[in-house]
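# Coordinate analysis (summary)
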Amino acid sequence: MSEIIQETIRYPASRILDVAKALSGDVRVRILEALGDRPMSVSQLAETLGVAQPTISINVQTLEQVNLIVSTQGANREKICSVTCRSIQLDLPSKPGEGLHPTEEIYMPIGMYSHCSVQPSCGMAGKDGSLIGSQDDPRVFYMPDRIDASLLWFAESGYVEYYFANPLPPGVILDEIRISAEVCSEAPAFREDWATDITLTINDLLVGTYTSPSDFGDRKGKLTPERWKSGTEYGMLTEWSISGKGSRINGVPSSPTTVDMLNLAFNKPISLRFEVREDAVNQRGLNLFGSNFGDYPQDIVLSFIRRSEHI
């Protein structure tokens, strides 16, 4: 125990919010109190605090993430928890953005788009693999249940557009923006030789067009529910990025659009559109995967990478 506990842990300004959130819960504070004198297992913590064991486990994980607790494996593979320090020191931010992480990420569920234009075949499925509304009915894309979608698709041309908040305050210089999503083409059932051109725009500026080679259904998606038997199973995790030197798709130059050209403002939303354009060479629809479908446990991820210096 004495080898683990430090007198003080110092956190940089970029960790203030994480530490504050970890200490904001009553159960987490009580866990730290209980561990003040000796290590305890998760089951012992649950008994001591009178809290359900799953709740203890979740709160222990939160404290582990900010290094206030360290865990080891005890007898019978039970998790043994210990505190790591006697006090903490927080460096307060003194410049714009200093209290943020070097990379700020926003996760957007695929059903939370703001605008869309789709035509049959089209539809949505929930995380259990069941259809949301009726298949091939564009009205489904305007139903409230769309927020639960884990897979959405449309044939030929169309788009879904999302509005993101800008997490960076004025005065912070942005180095790069990255957009990550799992996508593929859309064919009846599925089809391997079925290329489609998926274009991403931000604030109506072209970031780049990714040509998906296929509507993938040759195997089960790693996360796709067993109940889903309608063909499309997984996509390709694709990354669009915009820096001061231009835009790229999976590291390959795709357009001259730069971060400065996006004209981002703290008080204005950022529009992000996935589109198969009417003039696309390969106009074969789109499948967009959420965190419970396909091969990757994520929805749409928008990342903001800031510079270390500020104006």
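Worth saying up front: this structure is predicted, and the values here are computed from it rather than measured. (Residues numbered from 1 in each chain as written. Predicted model: local features only at pLDDT ≥ 70, side-chain atom pairs only at ≥ 80, totals over all residues. Heavy atoms only, no water.)

## Comments concerning the overall build of the chain
Per the secondary structure count, the chain includes four helices and 19 strands. A principal-axis box enclosing the C-alpha atoms of the chain has dimensions of 70 × 50 × 30 Å. Buried residues in the chain amount to 48% of all 311 residues. Put simply, 72% of the contacts in the chain that link residues at least 6 apart link residues at least 24 apart. When the accessible surface of the chain is split by element, carbon and sulfur atoms take 49% of a total near 15,600 Å². In the chain, 28 positive and 40 negative side-chain charges are present, and the distance between their average locations comes to 3 Å. (Helix = DSSP H or I, 4+ residues; strand = E, 2+ residues; numbered from the N terminus. Buried < 20%, exposed > 50% of the residue type's maximum accessible area, 1.4 Å probe, protein only. Contact = heavy atoms within 4.5 Å. Areas by Shrake-Rupley, 256 points an atom, 1.4 Å probe, with all protein chains shown as cover. Lys, Arg positive; Asp, Glu negative; His and termini not counted. Charge placed at Lys NZ, Arg CZ, Asp CG, Glu CD.)

## A few points about the environment of Phe-289
With respect to the secondary-structure elements, Phe-289 resides in strand S18 (residues 286–289). Overall, the relative accessible area of 0% leaves Phe-289 in the buried class. Residues Phe-289 and Ser-150 lie 139 residues apart in sequence; the distance between their C-alpha atoms is 5.9 Å. Each residue touching Phe-289, except ones within four places of it in the same chain, is listed here: Ile-110, Ser-150, Leu-151, Glu-182, Val-183, Cys-184, Thr-232, Glu-233, Tyr-234, Gly-235, Gly-294 and Gln-298.

## So, the sheet that holds strand S17 (residues 270–276)
Pairing is antiparallel in the open sheet, where five strands are placed in the order S7-S10-S17-S12-S13. Looking at the sheet topology across the chains shown, the edges are occupied by strand S7 (115–117) and strand S13 (205–212). Sheet twist, expressed as the mean angle between neighbouring strand axes with direction ignored, is 15°. The pairing of strand S12 (residues 196–202) with S13 spans seven bridges and is antiparallel. Bridged to Thr-201 within S13 is Leu-206. (Pairing = 2+ DSSP bridges. Axes fitted to C-alpha atoms, helices over the stretch in contact; angles between N-to-C directions.)

## Quick notes on the sheet that holds strand S4 (residues 79–83)
Read across the open sheet, the three strands follow the order S2-S4-S3; overall the sheet is antiparallel. Looking at strand neighbours, the two that pair on one side only are strand S2 (40–41) and strand S3 (69–73), the edges of this open sheet. By the bridge criterion, five bridges tie S3 to S4 in an arrangement that is antiparallel. Each bridged residue has a counterpart across the sheet, and for Thr-72 the counterpart in S4 is Ile-80. The strands that helix H4 (residues 53–65) touches are S3 and S4; relative to S3, the one it contacts most, it runs at about 115°.

## What to know about the pattern of salt bridges
A full pass over the atoms with the stated rule returns 12 salt bridges. Note that Lys-79 is salt-bridged to Glu-64, the shortest N-O span being 3.2 Å. Placement of the pair is Lys-79 in strand S4 and Glu-64 in helix H4, with a sequence separation of 15 residues. Overall, Lys-79 belongs to the partly exposed group, its relative accessible area being 30%. Linking Asp-137 and Arg-139 is a salt bridge whose minimum nitrogen-to-oxygen distance equals 2.8 Å. Note on Arg-139: relative accessible area 62%, which makes it exposed. Residues joined in a network through salt bridges with shared partners are Glu-161, Arg-273, Glu-275 and Arg-277. (Salt bridge = Lys/Arg side-chain N within 4 Å of Asp/Glu carboxyl O.)

## So, a nonpolar patch on the surface
Together, Leu-23, Ile-88 and Leu-90 line one region of the surface with nonpolar side chains, adding up to about 200 Å² of accessible area. With respect to the secondary-structure elements, Leu-23 resides in the loop between helix H1 (16–22) and helix H2 (26–34). Exposure remark for Leu-23: the relative accessible area of 32% places this residue in the partly exposed category. (Patch = residues over 30% accessible without salt bridge, like charges linked within 9 Å, V, L, I, M, F, W, Y side chains within 5 Å.)

## Section: the side chain of Thr-201
Locating Thr-201 in the fold gives a position in strand S12. Overall, the relative accessible area of 7% leaves Thr-201 in the buried class. Those residues in contact with Thr-201, other than ones at most four positions away along the chain, are Leu-206, Val-207, Ser-271, Leu-272, Arg-273 and Arg-277.

## With respect to the side chain of Asn-166
Mapped onto the elements, Asn-166 comes out in the loop between strand S10 (158–164) and strand S11 (174–184). On the accessibility criterion, Asn-166 (11% relative accessible area) is buried. Within the local environment of Asn-166, its side chain forms a polar contact with the backbone nitrogen of Leu-168, the two atoms lying 3.0 Å apart. A distance of 3.4 Å separates a polar side-chain atom of Asn-166 from the backbone oxygen of Ala-265. (Polar contact = N/O pair within 3.5 Å; in protein donor to acceptor, adjacent residues only side chain to side chain.)

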